[in-house]
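# Remarks on the overall topology
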Amino acid sequence: MPELPEVEVVRRGLERWVGDRRVAAVAVAHPRAVRRHAGGAGDFESRLSGRVMTAVRRRGKYLWITLDDPVPQSAGQGGEAVLAHLGMSGQLLVRPPEAPDEIHLRVRITFLDGGPELRFVDQRTFGALALVDTDPAGRPLPLAHIAPDPLDETFDEPTFLRSLRRRRTGLKRALLDQTLISGIGNIYADEALWRARMHYAKATEAITPAQGASVLSAARAVMVEALDKGGTSFDSLYVNVNGQSGYFDRELAVYGRTGLPCRRCGVLVVREPFMNRSSFRCPRCQPRQRR
DNA sequence: CGGAGCTCCTGGGGGC
DNA sequence: TGCCCCCAGGAGCTCC
């Protein structure tokens with residue numbers, strides 16, 4: 001389940017392999033993989049063919065590959081980019097052309113240099129690619145509503161804390177709202193709440209600036225640690241352009257640890273239904289607040 | 001218009 | 001052994 005750290009690992013891997021390469025051909029094997037592309041699969045294939053990939057950028061869980069200008073435009077105009085979201089199971093793999101197709105290969109992009117292909121592989125098809133317009137700063141227009149993520153240099157903490165307090169909802173719902181703060185999913189939300197010793201249902205309007213800063217700092221710390229773990233293991237050519245962070249084996253404190261002792265106090269971690277999925281917490285470290 | 005719930009999807013795993 | 005149901009969940013969409 002790629003969240004910010006996993007997507008950033010993918011971005012770094014891609015940056016190394018697709019930069020400054022001209023696309024030869026694009027083949028969409030499953031139309032659902034480009035359902036967000038306005039013109040459909042054929043349009044995606046034809047418009048991306050012949051373009052040069054220039055850089056790979058990221059905001060929250062989205063990443064995008066910027067493209068060269070096919071026709072020189074006047075200053076101040078935007079360009080185009082391949083916008084990608086990995087969903088739950090999406091992978092962007094860099095693979096030799098002779099490598100056998102993956103079972104869930106959805107999109108294949110080949111390059112004029114005959115080198116490694118870029119493949120979008122996605123079992124559960126929640127992920128998607130699209131060719132989109134960007135603003136003059138190179139940011140995809142469809143991401144206008146996505147807030148900066150906590151590792152973004154433009155992230156403004158006072159703005160976030162004010163917005164958080166204006167919400168009328170529970171703390172974890174707010175953390176998962178990509179229009180408020182981006183990059184956090186179910187796993188890192190639970191881990192951040194555990195580190196900050198806060199309950200997922202705590203009312204946002206009751207959160208003090210210190211508490212808000214605490215949970216934000218926890219979210220940042222846990223994501224940076226996960227990123228470091230993922231980053232340390234992606235030295236081989238193709239293996240780690242795939243969303244594996246290497247973080248999940250031993251480092252998680254509460255996520256998925258139902259019935260196991262809290263790493264801080266030893267009380268058993270509980271799993272509770274939340275938004276048609278799950279929340280994990282330590283009952284002692286993260287007690288439910290009284291209203 | 002903000003908040004909450006629904007829906008898309010597939011394979012692994014547990015229960016019987 | 002095989003079948004069925006639950007589960008994982010990001011985010012766009014709809015409804016109130």
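The shown structure was predicted, so the numbers you read here are calculated from the model rather than taken from an experiment.

Parameters at a glance
- Residues numbered from 1 in each chain as written.
- Chains lettered and ligands numbered in written order.
- Predicted model: local features only at pLDDT ≥ 70, side-chain atom pairs only at ≥ 80, totals over all residues.
- Heavy atoms only, no water.
- Pairing = 2+ DSSP bridges.
- Helix = DSSP H or I, 4+ residues; strand = E, 2+ residues; numbered from the N terminus.
- Axes fitted to C-alpha atoms, helices over the stretch in contact; angles between N-to-C directions.
- Contact = heavy atoms within 4.5 Å.
- Phe/Tyr/Trp six-rings, centres within 6.5 Å; stacked < 30°, edge-to-face > 60°.
- Buried < 20%, exposed > 50% of the residue type's maximum accessible area, 1.4 Å probe, protein only.
- Lys NZ or Arg CZ within 6 Å of the ring centre and 35° of its normal.
- 1 Å grid on protein atoms, 1.4 Å probe; cavity = no way out; pocket = protein on both sides within 12 Å on 5 of 7 lines; lining within 4 Å.
- Points joined across faces, edges and corners; volume = space filled by probe spheres on them.
- Near = heavy atom within 4 Å.
- Polar contact = N/O pair within 3.5 Å; in protein donor to acceptor, adjacent residues only side chain to side chain.
- Nonpolar A, V, L, I, M, F, W, Y, C, P; charged D, E, K, R; others polar.

This next bit is on the sheet that holds strand β4 (residues 80-85). Whether parallel or antiparallel, the strands of a sheet pair through hydrogen bonds between backbone atoms. Spatial ordering of the open sheet is given by β5-β7-β6-β1-β2-β3-β4-β8, a layout of eight strands whose pairing is antiparallel. Of all the strands in the sheet, just β5 (90-95) and β8 (128-133) have a single pairing partner and so form its edges. Pairs of neighbouring strands in the sheet enclose a mean axial angle of 30°, with direction left out of account. Across the sheet, helix α1 (residues 4-18) is in contact with β1 (21-28), β2 (52-59), β3 (62-67), β5, β6 (105-111) and β7 (117-122); its angle to β2 comes to roughly 165°. Docked against the sheet, helix α2 (residues 40-48) engages β1, β3, β4, β6 and β8, running at close to 165° with respect to β1.

This part takes up the packing of aromatic side chains. Inspection of every chain in the model, using the stated rule, returns three aromatic pairs. With a centroid separation of 5.8 Å and an interplanar angle of 45°, the aromatic rings of Phe-155 and Phe-160 are classed as tilted. Assessed through its relative accessible area of 12%, Phe-155 is described here as buried. The interplanar angle of 70° and the centroid separation of 5.3 Å between the aromatic rings of Tyr-200 and Phe-274 together place this pair among those described as edge-to-face. Residue Tyr-200 is located in the loop between α5 (186-195) and α6 (209-232), and its partner Phe-274 is located in strand β9 (residues 270-274); the two are separated by 74 residues in the primary sequence. According to the relative accessible area criterion, Tyr-200 is buried, its value standing at 8%. Across the ring face of Phe-274, the terminal group of Arg-173 is positioned such that the distance to the ring centre comes to 5.9 Å. Its guanidinium or amino end placed over the ring of Trp-194, Arg-264 lies 3.9 Å from that ring's centre, counting from NZ or CZ.

Another aspect to go through is the layout of surface pockets. Taken as a whole, the largest pocket spans an internal volume of roughly 1,000 Å³. Residue lining of the largest pocket: 34 residues in total, with Lys-61, His-85, Gly-87, Met-88 and Phe-126 positioned closest to the centre. Of all elements in the fold, only β4, β8, α5 and β10 (277-281) reach the threshold of two or more residues within the lining of the largest pocket. Of the residues forming the lining of the largest pocket, the biggest block, four residues, is contributed by β8.

This part is about α5. Every α-helix carries 3.6 residues per turn, so stepping three or four residues along brings you back to the same face. Taken across its ten residues, α5 has nine buried, putting it largely inside the fold. Of the positions making up α5, those classed as buried are Asn-186, Ile-187, Tyr-188, Ala-189, Asp-190, Glu-191, Ala-192, Leu-193 and Trp-194. Of the residues trailing α5, Arg-197 is marked for its positive phi of about 55°.

Let us look at the protein's contact with DNA strand B. Close contacts around DNA strand B come from Arg-32, His-104, Gln-123, Arg-124, Thr-125, Phe-126, Arg-167, Arg-168, Thr-169, Arg-173 and Asn-276, and that covers them all. For DNA strand B, the fraction of protein-proximal atoms (within 4 Å) that sit in sugar or phosphate groups is 75%. The separation between a phosphate oxygen of DNA strand B and a polar side-chain atom of Thr-169 is 2.7 Å. Note that a phosphate oxygen of DNA strand B is positioned 2.9 Å from one of the side-chain N or O atoms of Arg-173. When the residues that make up the surface near DNA strand B are grouped by side-chain class, the tally is one nonpolar, five polar and five charged.

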